[in-house]
Amino acid sequence: MTITYKDSEGIAGMRVAGRLAGELLDYLALHVKPGITTNELDRLADDYTTRVQGAISAPLNYAPSGHNPYPKAICTSINQQVCHGIPNDKPLKKGDIVNVDVTVIKDGWHGDSSRMFMVGEVSVAARRLCSLTYEAMWRGIVQVRDGAYLGDIGHAIQTFAEGHGLSVVREFCGHGIGRDFHEEPQVLHYGKPGTLDRLKAGMTITIEPMLNAGRRDVKELGDGWTIVTKDRSLSAQWEHTVLVTPTGYEVLTLSANSPPIPAFAKS
Ligand code: MF3
Ligand code: CO
Ligand code: CO
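These notes cover the structure that comes with them. The shown structure was predicted, so the numbers you read here are calculated from the model rather than taken from an experiment.

**Description of the packing of aromatic side chains**
Next, step 1: Counted under the stated rule, the structure contains 4 aromatic pairs.
Next, step 2: For the ring pair Tyr70 and Trp225, a centre distance of 5.1 Å and an interplane angle of 85° mean the geometry is edge-to-face. Note that Tyr70 is positioned in the loop between strand E1 (56–57) and strand E2 (75–78) and Trp225 in the loop between strand E11 (218–220) and strand E12 (227–229), a separation of 155 residues in sequence. Just as Tyr70 is buried, Trp225 falls in that class too.
Next, step 3: In this structure, Arg179 is placed above the aromatic ring of Trp109, and the distance from its NZ or CZ to the ring centre is 4.2 Å.

Quick look at the structure:
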């Protein structure tokens, strides 16, 4: 597979898909509270995507090589779960932190975004991890412009994360996105400035750092999907889909109730 560059029609399609992903997270945010199960969130998500948005849940039956088909419409990764947690019948409880990762397909275009939710009151350490990971994502996003290097994004995220005593998961990365869910290039969340491929206007990529409170090592559970920290430390992730523009970036997965954009990212 190669990098795809979106023309004005592709950009228009990606803007719509991105906004729908953001709006789906806005909707789910209303329901994340102690006692709800992740299967209930999954059902709400798929119903909203298909019936309200007239779109498709991309994760459902997604089967990249080496994986069994993903069985649900969203990923819900709780506490020490890093990513790709599979919704189940266990209720969320006070003190949990949960990443909800959604990807919608609208008119063939993909919009991919995730947020952390804090269930009831959570520990200071958990809150700090969620908010530093949010800032790390934005430290990466602001590197995006025509001509920037992929290594610039990774470096910005890694130096910020490690400077705050957090570790960066290496096994999973951001990605090109468009008519396919996962396109080239890989967008690493660690690296060195001025290295790897250069961004070009018209590319659409995701930036989705996974940061751990403890060591960076992860392992896959027996379900073939769920990734957890080896040391069982807390993990957090945020994700936006971003368009590379001639002068900078446009975040495509913003919506009415997206969390505030950090001051350093405002033009
Ligand atoms: N949404 C994830 C990402 O950000 C991918 C999930 S793949 C699934 O790339 F099959 F687990 F849904
Ligand atoms: Co993604
Ligand atoms: Co995602």
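Here the narrative resumes.
**Some details on the pairing of strand E9 (residues 204–207)**
Next, step 1: Alternating residues of E9 divide into Thr204 and Thr206 and Ile205 and Ile207, and every residue in both groups is buried.
Next, step 2: In this sheet, strand E14 (residues 240–244) lies alongside E9 in antiparallel orientation, the contact comprising 4 bridges. By the bridge assignment, Ile205 is partnered in E14 with Val242.

**As for helix H2 (residues 38–52)**
Next, step 1: An ideal rise of 1.5 Å per residue puts 21 Å on 15 residues; H2 measures up with 20 Å between its terminal C-alpha atoms.
Next, step 2: Turning to H2, its buried residues are Thr38, Asn39, Leu41, Asp42, Ala45, Tyr48 and Thr49.
Next, step 3: Looking at the buried positions of H2, the neighbouring elements they touch are helix H1 (8–29), E1, E2 and strand E4 (97–106).
Next, step 4: Downstream of H2 by one or two residues, Gly54 has phi in the positive range, about 60°.

**A closer look at the coordination of the cobalt ion (ligand 3)**
Next, step 1: Within the protein, Asp101 (OD), Asp101 (OD), Asp112 (OD) and Glu239 (OE) serve as the donor atoms for the cobalt ion (ligand 3), at 2.0 to 2.5 Å.
Next, step 2: Metal-centred angles of 57 to 164° between the 6 donor atoms at the cobalt ion (ligand 3) mark the site as irregular.
Next, step 3: Coordination of the cobalt ion (ligand 3) draws on donor residues from a single chain, spaced D-x10-D-x126-E in sequence.
Next, step 4: Between the cobalt ion (ligand 3) and the cobalt ion (ligand 2) the interatomic distance comes to 3.4 Å, and Asp112 is a ligand of both metals. Of this pair, Asp101 sits in strand E4 while Asp112 sits in strand E5 (residues 109–118), and the two are 11 residues apart along the sequence.

**Describing the site of ligand 1**
Next, step 1: Taken together, 14 residues are adjacent to ligand 1, and Asp112, His175, His182, Glu208 and Glu239 come closest.
Next, step 2: The side chain of Thr103 places a nitrogen or oxygen atom 3.5 Å from a nitrogen atom of ligand 1.
Next, step 3: At 2.9 Å from an oxygen atom of ligand 1 is found a side-chain nitrogen or oxygen belonging to Glu239.
Next, step 4: When ligand 1 sits alone it has 340 Å² of accessible area, and the protein chains cover 97% of it.

**Structural notes on the sheet that holds strand E13 (residues 235–237)**
Next, step 1: Here 3 strands make up an open sheet; going across it, the order is E6-E10-E13 and the pairing antiparallel. Bordering the open sheet on either side are strand E6 (167–168) and E13, each of which pairs with just one other strand.
Next, step 2: With 2 bridges connecting them, E6 and strand E10 (residues 210–212) associate as antiparallel partners. Looking at the pairing, Ser167 lines up with Asn212 of E10.

**Quick word on the coordination of the cobalt ion (ligand 2)**
Next, step 1: Protein-derived coordination of the cobalt ion (ligand 2) comes from Asp112 (OD), His175 (NE2), Glu208 (OE) and Glu239 (OE), at a distance range of 2.0 to 2.2 Å.
Next, step 2: What the 6 donor atoms of the cobalt ion (ligand 2) show is an angle range of 51 to 161° at the metal, which sorts the shape as irregular.
Next, step 3: Within one chain, the residues donating to the cobalt ion (ligand 2) are spaced in sequence as D-x62-H-x32-E-x30-E.
Next, step 4: When its relative accessible area of 2% is taken as the criterion, Asp112 is described as buried.

About the thresholds
By convention here, each chain's residues receive numbers from 1 onward along its written sequence. The order in which chains are written sets their letters, starting at A; the order in which ligands are written sets their numbers, starting at 1. The model is predicted, so local features are restricted to residues of pLDDT at least 70 and side-chain atom pairs to those at 80 or more, both for listing and for counting; the totals for chains, interfaces and linings are taken over all residues. The basis for every side-chain value is the complete set of non-hydrogen atoms in the structure, without hydrogens or water. By convention, a stacked pair of Phe, Tyr or Trp rings (six-membered ring in the case of Trp) has centres within 6.5 Å and planes under 30 degrees apart, an edge-to-face pair has planes over 60 apart, and any other such pair is tilted. Think of it this way: any DSSP run of H or I at least four residues long counts as a helix, any run of E at least two long counts as a strand, and we number them from the N terminus. Note on classification: 1.4 Å probe, protein chains only; a residue is buried when its accessible area is under 20% of the maximum for its type, exposed when over 50%, partly exposed between these limits. Whether a charge sits over a ring depends on NZ of Lys or CZ of Arg being within 6 Å of the ring centre and within 35 degrees of the ring normal. Only when DSSP finds a minimum of two bridges between them are two strands counted as paired. Every helix has an expected span of 1.5 Å times one less than the residues it contains. Contacts are assigned to residue pairs that have any heavy atoms within 4.5 Å of one another. Atoms are scored as donors when they are N, O or S and lie within 2.8 Å of the metal, with 3.2 Å used for Na, K and Ca; no water is included, so coordination may look incomplete. Donor angles set the geometry label: tetrahedral for four donors if every angle is between 85 and 135 degrees, square planar for four and octahedral for six if opposite donors exceed 155 degrees and the others are between 65 and 115, irregular for anything else. Proximity is defined per residue: any heavy atom of the residue falling within 4 Å of a molecule or strand makes that residue near it. For this analysis, a polar contact is any N or O atom pair within 3.5 Å, provided that within protein one partner can donate a hydrogen and the other can accept it, and provided that sequence-adjacent residues contribute only side-chain to side-chain pairs. Reported accessibility uses the Shrake-Rupley method at a 1.4 Å probe radius. Residues are deemed covered only where the shown protein chains occlude them.

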